[in-house]
Amino acid sequence: MAILGAIDPILTKGLDADASDVSDAWRCRAYVDRGGYAALRKIVSEKIPPARVIAEVKKSALRGRGGAGFPTGLKWSFMPSDYDGDKYLICNSDEGEPGSFKDRDLLLLNPHAVIEGMVIGAYAIGAKRAYHYIHGEIPEACARFLEALDEARAAGFVGSDILGSGLCVEIAVHRGRGAYVCGEETAMLESLEGKRGQPRNKPPFPAASGFYGAPTTINNTETFAAVPFVLSMGADAYLAAGKPGNGGTKLFSVSGHIERPGNYEVPLGTPFGTLLELAGGVRAARALKACIPGGTSAAVLPAEVMMNLAMDYDSISRAGSMLGSGAVIVLDETTCMVGALEAITCFYQRESCGQCSPCREGTRWMHRIVRRIENGEGRPGDLETLEDIARNISGRSICALGDAASAAVQGFLKHFRGEFAHHVERGECLVPREVQREGCRLREISKEASTP
Amino acid sequence: MTNTVSIEIDGKKILAKEGATLIDAARDAGISIPHFCYHKKLSVAANCRMCLVEVEKMPKPVPACATRVADGMKVFLHSELVLGAQKAILEFLLINHPLDCPVCDQGGECRLQDLSMRYGGTRSRTREAKRVVSPKDIGPLVSMREMSRCIHCTRCVRFCREIAGLAELGVVGRGGDSEIAAFAGRSVDSELSGNLIDVCPVGALTSKPFRFRARAWELCRRPSISPHDSFGTNVALDVKDERVVRVLPRENEEINECWLSDRDRFSYEGLNSPDRLKKPLIRIDGALREVEWNSALDYAAHALKSLVEAHGADALASLASPSATLEEIHLLQKLTRALGSGNVDFRPRRRDFSTDGHRSGIPWLGMRIAEIAELDAALVVGSFPRKDNPLFALRLRQLAKKAGRVSMLSLADDDPRIDLAARVAVRPSELPAALEAILRAFARSHGEKEPGSRVLSDTTAPYAETDAIRAIAESFAGAKKSAIFLGAGAEHSPTAGRIHAIAGAFARASGARLGFIGDAANGVGGYVAGALPTGLNAYEMFAQPRKVYLLHGVEPELDCHNPAQSLFALRHADLVVAVTPFVGETTLEYADVVLPAAPFSETSGSFVNTEGRVQSFEGACRPLGESRPAWKIFCALGRLLGLPGFDYASSAAVRDEILVSTAFEGREGVGEIGRVGRVGWVEGLDNALDEAFAPREAHPAAAGALERVSDVPIHFSDAIVRRAAALRETKDAAAPEARMHPTTLEDLKISDGERVRIRQASGSSGAFGASGASGETTLTARSDTSLPEGCVRVAAAHPSTAALGDMFGTLTVERA
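Residues numbered from 1 in each chain as written. Chains lettered and ligands numbered in written order. Predicted model: local features only at pLDDT ≥ 70, side-chain atom pairs only at ≥ 80, totals over all residues. Heavy atoms only, no water.

**Notes on the side chain of Ser 321 of chain A**
All names here are of chain A. Our working rule: Only DSSP runs of H or I covering at least 4 residues are called helices, and only runs of E covering at least 2 are called strands; the numbering of each starts at the N terminus. Exposure is judged per residue with a 1.4 Å probe applied to protein chains only, and the accessible area is read against the type maximum: over 50% gives exposed, under 20% gives buried, and values in between give partly exposed. Between N or O atoms, a polar contact is any pair within 3.5 Å; within protein, one atom must be a potential hydrogen donor and the other a potential acceptor, and residues adjacent in sequence are included only when both atoms are from side chains. Contacts between residues were defined by any pair of non-hydrogen atoms, one from each residue, lying within 4.5 Å.
Looking at where Ser 321 falls in the secondary structure, it is placed in the loop between helix H13 (313-318) and strand S13 (327-332). In this structure Ser 321 comes out as buried when scored by relative accessible area, which is 9%. A polar contact of 2.6 Å, which involves the side chain of Ser 321, links it to the backbone oxygen of Ala 299. The contact partners of Ser 321, leaving out residues within four places of it in the chain, are Pro 293, Ala 298, Ala 299, Leu 301 and Ile 316.

**Remarks on a nonpolar patch on the surface**
Note the following rule: Patch construction takes residues with relative accessible area above 30% that form no salt bridge. Like charges are linked within 9 Å, and nonpolar side chains (Val, Leu, Ile, Met, Phe, Trp, Tyr) are linked within 5 Å. All accessible-area figures derive from a Shrake-Rupley calculation using a 1.4 Å probe, and residue coverage is judged against the displayed protein chains alone. Salt bridges are counted wherever a side-chain nitrogen of Lys or Arg sits within 4 Å of a carboxyl oxygen of Asp or Glu.
A surface patch of nonpolar side chains, amounting to about 260 Å² of accessible area, comprises Phe 70, Leu 74 and Phe 78 of chain A. For Leu 74 of chain A, the position within the fold is in helix H4 (residues 72-77).

**What to know about the packing of aromatic side chains**
The test is simple: Two rings from Phe, Tyr or Trp (for Trp, the six-membered ring) form a pair when their centres sit within 6.5 Å of each other. Planes less than 30 degrees apart are called stacked, planes more than 60 degrees apart edge-to-face, and all others tilted. For a Lys NZ or an Arg CZ to count as sitting over a ring, it must be within 6 Å of the ring centre and within 35 degrees of the ring normal.
For the coordinates displayed, the defined rule picks out 19 aromatic pairs over all chains. Ring centres of Phe 346 of chain B and Tyr 527 of chain B lie 5.1 Å apart, and the angle between their planes is 85°; on these two criteria the pair is classed as edge-to-face. Here the residue Phe 346 of chain B occupies a position in the loop between strand S17 (344-345) and strand S18 (377-381), and Tyr 527 of chain B occupies one in helix H16 (residues 525-528), the gap between them amounting to 181 residues. No difference in accessibility class separates Phe 346 of chain B from Tyr 527 of chain B, as the two residues are buried. Taken together, the ring pairs in this structure connect Tyr 88, Tyr 131, Phe 211 and Tyr 212 of chain A into an aromatic cluster. If you follow Arg 351 of chain B out to its NZ or CZ, it ends over the ring of Tyr 539 of chain B, 3.8 Å from the centre. The lysine or arginine in question, Arg 368 of chain B, covers the ring of Trp 681 of chain B, its NZ or CZ lying 3.6 Å from the ring centre.

**Examining helix H7 (residues 139-154) of chain A**
Residues and elements named next belong to chain A. Quick note on the threshold: To estimate the expected span of a helix, subtract one from its residue number and multiply by 1.5 Å.
Compared with an ideal rise of 1.5 Å per residue, which puts 16 residues at 22 Å, H7 spans 23 Å between its outermost C-alpha atoms and is within 8% of the ideal. Those residues of H7 that sit buried are Ala 141, Cys 142, Phe 145, Ala 148, Leu 149, Glu 151 and Ala 152. For H7, the secondary structure elements touched by its buried residues are helix H1 (28-33), helix H5 (102-109), helix H6 (111-125), strand S3 (129-134) and strand S5 (167-175). Positive phi appears at Gly 156, one or two residues downstream of H7, with a value of about 85°.

**So, the interface of chain B and chain A**
Heads up, the rule is: A 1.4 Å probe defines the accessible area here, and the buried area is the portion of it lost by two parts on being joined, summed over both. Amino acids are sorted into nonpolar (Ala, Val, Leu, Ile, Met, Phe, Trp, Tyr, Cys and Pro), charged (Asp, Glu, Lys and Arg) and polar (every other residue, Gly among them).
The partner chain A presents 32 residues to the 36 residues of chain B that form the contact. Per-residue buried area on chain B facing chain A is highest for Phe 92, Glu 128 and Arg 174 of chain B; these three make up 27% of the total on that side. Inspection of the chain B/chain A interface yields 5 salt bridges. Between chain B and chain A we count 18 residue pairs in polar contact (both at pLDDT 80 or more) in total. Mapped onto the side of chain B that touches chain A, the elements with two or more residues apiece are helix H2 (80-95) and strand S8 (169-172) of chain B. In terms of residue count, the dominant contributor to the side of chain B that touches chain A is H2 of chain B (9 residues). Of the residues assigned to the side of chain B that touches chain A, the class counts are 18 nonpolar, 9 polar and 9 charged.

**Thoughts on the sheet that holds strand S12 (residues 234-240) of chain B**
Residues and elements named next belong to chain B. Put simply, the rule reads: Being paired, for any two strands, means DSSP has found at least two bridges between them. Interaxial angles span 0 to 180 degrees and are taken between N-to-C directions of axes, which are lines fitted to C-alpha atoms, for helices over the stretch in contact.
Pairing in this open sheet of 3 strands is antiparallel, and the strands run S11-S12-S13 from one edge to the other. In the strand order of this sheet, the two ends are held by strand S11 (220-225) and strand S13 (243-249), each with one partner. Taken pair by pair, the neighbouring strands of this sheet meet at an average axis angle of 35°, ignoring direction. Here S11 runs beside S12; their pairing, made up of 6 bridges, is antiparallel. Bridge assignment links Ile 225 to a residue of S12, and that residue is Asn 234.

**Remarks on the packing of helix H12 (residues 431-445) of chain B against helix H13 (residues 467-475) of chain B**
Residue and element names in this part refer to chain B. For the record, the criterion: Relative orientations are named as follows: roughly parallel for angles under 35 degrees, roughly antiparallel for angles over 145 degrees, roughly perpendicular for angles from 65 to 115 degrees, and oblique for any other angle. What makes a crossing left-handed is the near helix being turned counterclockwise from the far one by less than a right angle; a clockwise turn instead makes it right-handed.
Two elements in contact, H12 and H13, have axes separated by 8 Å at closest approach and are oriented at 60°. Between H12 and H13, the crossing angle belongs to the class labelled oblique. With respect to the hand of their crossing, H12 and H13 are arranged in right-handed fashion. Every residue of H13 that contacts H12 at Ala 434, Ala 437, Ile 438, Ala 441, Phe 442 and Ser 445 is listed here: Ile 469, Arg 470, Ile 472, Ala 473 and Glu 474. Split into classes, the residues belonging to the contact of H12 with H13 amount to 8 nonpolar, 1 polar and 2 charged.

**Things to note about the environment of Asp 241 of chain B**
All names here are of chain B. Structurally, the position occupied by Asp 241 is in the loop between S12 and S13. Judged by its relative accessible area of 64%, Asp 241 is exposed. Through-space distance from the C-alpha of Asp 241 to that of Ala 591 is 31 Å; in sequence the pair is 350 residues apart.

**Notes on H12 of chain B**
Because each turn of an α-helix spans 3.6 residues, side chains separated by three or four positions end up pointing in the same direction. All names here are of chain B. Between its terminal C-alpha atoms H12 stretches 21 Å, which fits the 21 Å expected from 15 residues at 1.5 Å a residue. Extensive coverage of H12 is indicated by the burial of 12 of its 15 residues. By the burial criterion, the buried members of H12 are Leu 431, Pro 432, Ala 433, Ala 434, Leu 435, Glu 436, Ala 437, Ile 438, Leu 439, Ala 441, Phe 442 and Ala 443. Structurally, H12 contributes buried residues whose contacts are with S18, strand S19 (405-410), H13, strand S21 (482-486), helix H14 (488-491) and helix H15 (496-510). At the C-terminal side of H12, Gly 447 shows a positive phi close to 65°.

**A short note on the pairing of strand S24 (residues 575-580) of chain B**
All names here are of chain B. Rules: When the strands point away from the viewer and the connection leading from the first strand across the helix to the second strand turns clockwise, the crossover is called right-handed.
Buried residues dominate S24, accounting for 6 of its 6 residues. Of the two faces of S24, the one carrying Leu 575, Val 577 and Val 579 and the one carrying Val 576, Ala 578 and Thr 580 are both buried. Where strand S23 (residues 548-552) and S24 come together, 5 bridges link them in parallel fashion. Counterpart to Leu 551 in the pairing with S24 is Ala 578. Where S24 lies against strand S25 (residues 593-596), 4 bridges are found, and the strand directions are parallel. Its bridge partner lying in S25, Val 577 is registered against Val 593. Each parallel crossover has a hand, and for S24 linked through helix H20 (residues 585-590) to S25 it is right-handed.

**Remarks on the pattern of salt bridges**
Residue and element names in this part refer to chain B. Counted under the stated rule, the structure contains 96 salt bridges over all chains. The salt bridge involving Arg 417 is made with Glu 168; its shortest N-O contact spans 3.6 Å. Note that Arg 417 is positioned in the loop between S19 and strand S20 (422-425) and Glu 168 in the loop between helix H4 (155-163) and S8, a separation of 249 residues in sequence. Each member of the pair, Arg 417 together with Glu 168, is buried. Between Glu 374 and Lys 481 there is a salt bridge, with the nearest N and O atoms lying 3.6 Å from each other. Of this pair, Glu 374 sits in the loop between S17 and S18 while Lys 481 sits in the loop between H13 and S21, and the two are 107 residues apart along the sequence. A relative accessible area of 32% places Lys 481 in the partly exposed class. Each of Asp 275, Arg 349, Glu 555, Asp 559, Arg 722 and Arg 723 takes part in one network of salt bridges that share partners.

**Concerning the environment of Leu 275 of chain A**
Residues and elements named next belong to chain A. When you line up the elements, Leu 275 lands in helix H11 (residues 272-278). Judged by relative accessible area, which is 1%, Leu 275 ranks as buried. As a C-alpha pair, Leu 275 and Thr 221 span 54 residues in sequence and 22 Å in three-dimensional space. When near neighbours in sequence (up to four residues on either side) are disregarded, Leu 275 contacts Phe 252, Val 254, Tyr 264, Val 266, Met 311 and Val 328.

As structure tokens, then:
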């Protein structure tokens, strides 16, 4: 496992493929050698007040890396400072978004950055207890994190008396069991509390009533990993590494029809073309058809839009999609868009928790219709119905899962309606059969290549 | 005083309580917002999304059930956004919901049907196959056959968890495969399970006994009062062809809120049981034969008169069921006294009558029902709350939820499904001493001198002051509003008077209120009706057999403290006149005249519940066959006997006479029941005992003797309930077993599941001298860690244990 490429990396500096001896680079000593835990030391020794930490993070324009891109400093500032009970901090490593695998690698390669970020975050919001919710399917990352946590505890970076300062932050790890919806922060809270993982109605937001009703802050793994760097390099430098409003670098999980699928760290605002090139370009030098820039929850964008797009929150949002978790799914010309959407809608209808009517019924219905179209049994009016269902789910469900499923359908229909219409009218695919076959062949080759 | 805020709904200004949800605020202003998952008594789920409304400055529609009002909020219920959302949600809900309303049991009273008509579209766009959900069996009362109709609102799940106190239902599966289910292979055994039918907004959960028996529009809904427990639950009787075919709750926040116990809901089947007597019977040549009313009444009057003349009035004893109406109990005692006898009572399950003549007033709950949940601390003594009175248990559950402390001193550690602060289970003979230990622990920790009143210093061995005893005492420390409740086990105990006195002393010491939960609809009403004995009480009248018995609504072989003794006396009496709606096999044996009386559903009358509330009701349907309201039967008998004062034009006239004489504080037409009759409160309720009270001597059980612990199983508590077919199929109606602590079983060298012979002296025991007769029955022994050692739990009120004696006597157990 490695970071396959980077441009001016921050999180993975010294960990990229070119660096020598990455095998022990994740260890505490190596992290400290790279300048790790300096930010925590500084906060503790100089007694920097939490408000200043939060102000610094705000200034850096660090935005949530889990998908929503909410400004981290602002989120932290929502925590009530006069609350007299326990407050909690939770790290969200329930990375379930199809196409996203950055948190996994981050935990494997630089777990101490996450730990340091969590401790600093806990200090900033006044929490003594932090939980780390780790996706069930990445046991090796979880084991790595636990080992790193032991190291950090032994070194005095975590525990009841951090670096002799009296600061107390305990971190506990909880493993998820694979439900996508548990990545939604309130479903995660329910799951952590030992209940069925389904999202809560909001408001109240976790900052007001979270884990067991106490004020709680939940951030993504990559967000926490960025925090020490924000503080050690300074907010201005971190901001400058990206672009205004989109501070710093971002890990992109590039997958799909690409030569070198993997994680890449590039500054926010990097042109998509550059990222594509970094990842070796579209497989077998075929033409790019489309790309889902932020995981399946983001709307798909056609090649011509993508090739003129800068990879940052605001630019992608303006283009009608979102940066999301940075899971870039590349689709080449061999792709049948109906088939692709069928896979995506299948995912959402399976992962819907089933709690609220629009999502439970709507995701299932959308999938049934898309599947029918894909099977050549489309009917006139199906596309209008699909659009209508997507509209009717959007904004009416308890959590964003419904919105995500709806955005996926809307994106495909917006940019590739013709292909869907062809399927409905002719009962067959617009992409010639032999082109699709070539796609299958390429997939087999890459499968073989990746099998050890 | 809560503050109010001003909001605007569709341009109309309304005032709302601060912190209220939009849906509540709108409802209070008379504006209804369509919804499925919202229920005012359940937590907010906001999952159906039917109540989405538009709020100014909010980008998305918000659920009215989960959105709190804010001053100046502008809400739109009929904007394009809202109408579109409602239509869309209904479309979603109908994708997988069968569109076969004409064959659905819920059709005509279905929320989904109603809201679809009002807010939904007219055509279905779905072409996909509908989801099919496999039927489930969760017991004899609630049907889960049509689970494909479920819309996943989770009201049932929340009801089980939040109201019934145990999560017996849950959601399994995910997404479109979500299903409501019980634990695999288990039934839903809550005594409140019938409410699931009411909370289900569609036809997924339906009533097994009622389903497909009638359509909503064929039914006449008539208000009534349930006769099965001491609360006087407000019910609506659905009548079809002069038969009650369904019972639903009538909302009354002060009594039952919107709930019903299963006993109240499904007992109606007993009203239509084959045991219902349609014509009077008299014994002719040894066999009971149907006769005309005139003959029966003439015969009864003549026999009564001649036997009383021959043997003296003291040879006559009368016993009324405490679930008979106020008017009936009153007329029975009036008739008995007019014939010269003071042997009249209405408390068949009582054993200790030592407080008679020493009470300052009528024993009652000590507070209003609605006040229970507002207490800070409560101690329940000698009760199986869930089975004795499910709605009382529900109030305790609310109390425990509001951070009040509930503790129990009971005869078995049954799970009350209440979060208890502390609990102690003791043998029946230890109950007074354990209660006293609590009192002493409390007094000492409050720096008071040991309460050394004469009531307390008795011969029973002191009960060790365990941690649990101290925890109970401690739970009353600092409580502003607290209460000690005496349950059926305390009232039926042979040491009821002593328990009453100690509980009273504890209440005085701790500032708590003392209350009786009560075990019957007219437990208070019987006192109001003046049916207290001036001669022999309900126990003595059988312990010292009489020549003539007049029974009303009771089946002594099941309803009395000592069934064997009662049955013996009845079998040997010269004349037994039974006024009853039912004629069971045993009644046929001993009765000489059986007069078919109308049950509560077919007569007018009143119940005075345990909080002293008088609730009058009308008959909901015509009496079955030739049965007649019992008040009319007693009037007719009185007139035939030539007794004065039996010329009443109506039951209301009887009631008015009683209530005036007991200083009734009546208000015309107040309360929920207003239209039907008058609601008021009786005066003279007081649980205090006077100075002269001396408790009945306890009869210490011989060392090593096994003590019987009796409960009245919930579905056998009165003549109507025990004839309700579906209730008899429930787990609660399982045949009694001889339950013992494993250690006790071991001492007896009996293993779990073995058949055992139970022997118990059936003659009167203790103070009145044993008659030497003994009864026996064979039961299955069962290991039960919830019981204290040295006890055998053998239920009362069941035919299989009717041969035994006192509910709380001693008994022997041997391998059968």
